[in-house]
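Inside the fold
Here are the chains, one letter per residue:
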Amino acid sequence: MLSVSDLSVSYGKVTALDGVDLDVPSGETIGVIGPNGAGKSTLVDTIGGFLDYEGSITYRGLEVSETDTPTLIENGLFYCTERRDLFGQMSVEQNLRLGSYLNDEGEDERLEEVFDLFPRLEERRSQEAESLSGGEQQMLSLGRGLMSDPEFLVLDEPSIGLAPVVLDDISEALTSIQELDVTILLCEQNLTFALEHADRLTLLENGTVQRSGTTAELQSDELVESYIGG
Ligand code: ATP
């Protein structure tokens, strides 16, 4: 569904990604793990069409640099950034409905599905997004992604900064999303979370791919443990 080939991205003189290859087959969850500064957010932002790059990124045969972001979204791609990008002074429900602005057919039904997945969002549907806790904001970011009825979700560190009990809620929701056959690219620093959800993993370090394999292969890899801390 997504194919990244020899991808390089620089911020001025800083090279953030250097010759990255990655494939995300339809229906699978591919985890990209790596320590701070490895290039995970750069990868997400580049796939979303927000950064110039060398090499190739094709989503369903469309070269990302030649395709505008609304077209990518219309083709089923949705990405949730580490920043969560919520509209702070708008309500939970308004933020969710914005997720379906390019495809509002069945919007009310999807809203109910998101509320089933995250009852806490339903309880807070009229509350301003900026007044939510970090975990609730993460739920809202994921929920808004689901409102676009995505076929491919790109997630940048959904576990970041969450208390263990909230992490369990997010993890459970992600499992439910996976059961809907959504293809997922999961960028994560939390190895346990990535191992729990990914079919395959790629380890990035300093913008280059250090390892790539099944979760079983990488789970016991010494390099993975040394970077991510077991
Ligand atoms: P983290 O887990 O800490 O968010 P990351 O794996 O997402 O890290 P990136 O944020 O993609 O890593 O950063 C990759 C490299 O690019 C780092 O060296 C970072 O300092 C650099 N970088 C990222 N954004 C910019 C920017 N806007 N300007 C200059 N350098 C940047």
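Higher on the page you've got the structure.
Reading the values: rules and limits
- Note on numbering: residues in each chain are counted from 1, in written sequence order.
- Only residues with pLDDT of at least 70 get local features here, since the model is predicted, and only at 80 or more are side-chain atom pairs given and counted; chain-wide, interface and lining totals rely on the full set of residues.
- Only hydrogens and water are set aside when side-chain values are computed; all heavy atoms of the structure are taken into account.
- Any two strands between which DSSP finds at least two bridges are classified as paired.
- Working definition: helices are DSSP H or I runs of at least four residues, strands are E runs of at least two. Numbering for both runs from the N terminus.
- Orientation is described by axes fitted as lines to C-alpha atoms, over the contacting stretch for helices, and by angles from 0 to 180 degrees between their N-to-C directions.
- Residue contacts are counted whenever heavy atoms from the two residues lie within 4.5 Å of one another.
- The buried label applies to any residue whose accessible area, calculated with a 1.4 Å probe on protein chains only, is under 20% of its type's maximum; exposed applies above 50%, and partly exposed to all values in between.
- Should an angle fall under 35 degrees it is called roughly parallel, over 145 degrees roughly antiparallel, and 65 to 115 degrees roughly perpendicular, with every other angle called oblique.
- Each residue gets one of three labels, nonpolar for Ala, Val, Leu, Ile, Met, Phe, Trp, Tyr, Cys and Pro, charged for Asp, Glu, Lys and Arg, and polar for the others, Gly among them.
- Working definition of a nonpolar core: buried Ala, Val, Leu, Ile, Met, Phe, Trp, Tyr and Cys residues. They are joined through side-chain atoms within 4.5 Å.
- The nearness test applies per residue and asks whether one of its heavy atoms lies within 4 Å of the molecule or strand.
- Pairing of N or O atoms within 3.5 Å defines a polar contact, subject to two protein rules: one partner must be a possible hydrogen donor and the other a possible acceptor, and residues neighboring in sequence count only if both atoms are side-chain atoms.
- Surface accessibility in these figures is a Shrake-Rupley result with a 1.4 Å probe; residues are shielded only by whichever protein chains are displayed.

**Comments concerning the sheet that holds strand β3 (residues 29–33)**
Reading across the sheet, the 6 strands line up as β6-β7-β8-β3-β9-β10 and stay open at both edges, with mixed pairing between neighbours. Each end of this open sheet is capped by a strand with a single partner; those strands are β6 (77–80) and β10 (208–214). Sheet twist, expressed as the mean angle between neighbouring strand axes with direction ignored, is 15°. Taken together, the 6 bridges between strand β9 (residues 200–205) and β10 define a ladder with antiparallel strand orientation. Across the sheet, the residue bridging to L203 is R211, located in β10. Strand contacts of helix α7 (residues 164–179): β3, β7 (152–156) and β8 (183–188), with the helix running at about 150° to β8, the strand carrying the most contacts.

**Concerning the sheet that holds strand β5 (residues 62–63)**
Pairing in this open sheet of 4 strands is antiparallel, and the strands run β2-β1-β4-β5 from one edge to the other. If you trace the sheet from one side to the other, it starts and ends with β2 (14–24) and β5, each paired once. Sheet topology note: the strand β1 (residues 2–11)/strand β4 (residues 54–59) ladder contains 5 bridges and is antiparallel. Paired with S5 across the strands is S56, a residue of β4. Docked against the sheet, helix α1 (residues 40–47) engages β1, β2 and β4, running at close to 115° with respect to β1.

**Points about the side chain of T42**
Within the element layout of this structure, T42 appears in helix α1. Each residue touching T42, except ones within four places of it in the same chain, is listed here: V9, Y11, A16, L17 and L51.

**Comments concerning α1**
Burial within α1 is extensive, with 7 of its 8 residues counted as buried. All buried positions along α1 are accounted for by K40, T42, L43, V44, D45, T46 and I47. Just beyond α1, the residue with positive phi is G49, at close to 90°.

**Observations concerning the packing of helix α6 (residues 134–147) against α7**
In the contact formed by α6 and α7, the axes pass within 10 Å of each other and the chain directions differ by 10°. One way to sum up the angle between α6 and α7 is to call them roughly parallel. Residue-level contacts link G135, Q138, M139, L142 and L146 of α6 to V166, D169, I170 and I177 of α7. In the contact of α6 with α7, the residues fall into 6 nonpolar, 2 polar and 1 charged.

**Some words on the nonpolar core**
One finds L96, L121, L153, L155 and I184 to be the most contacted residues of the largest nonpolar core, which totals 29 residues. Every element with two or more residues in this core is listed here: β6, α3 (92–98), α4 (107–117), α6, β7, α7 and β8. It is α7 that provides the largest number of residues to this core, a total of 6 residues. Ignoring anything within four residues of it in the chain, the contact list for L153 reads F78, L146, I177, V182, T183, I184 and L185. By size, the runner-up hydrophobic cluster in this structure holds 26 residues, among which are V20, V24, I30 and V64.

**Observations concerning the site of the ligand**
Surrounding the ligand, one finds 13 residues, the nearest of these being N36, G37, S41, T42 and E157. Between an oxygen atom of the ligand and a main-chain N or O atom of S41, the distance comes to 2.8 Å. Between the ligand and the protein, one listed contact pairs an oxygen atom with a side-chain N or O atom of E157 at 2.8 Å. Within the complex, 61% of the 630 Å² of free accessible area of the ligand lies under protein.

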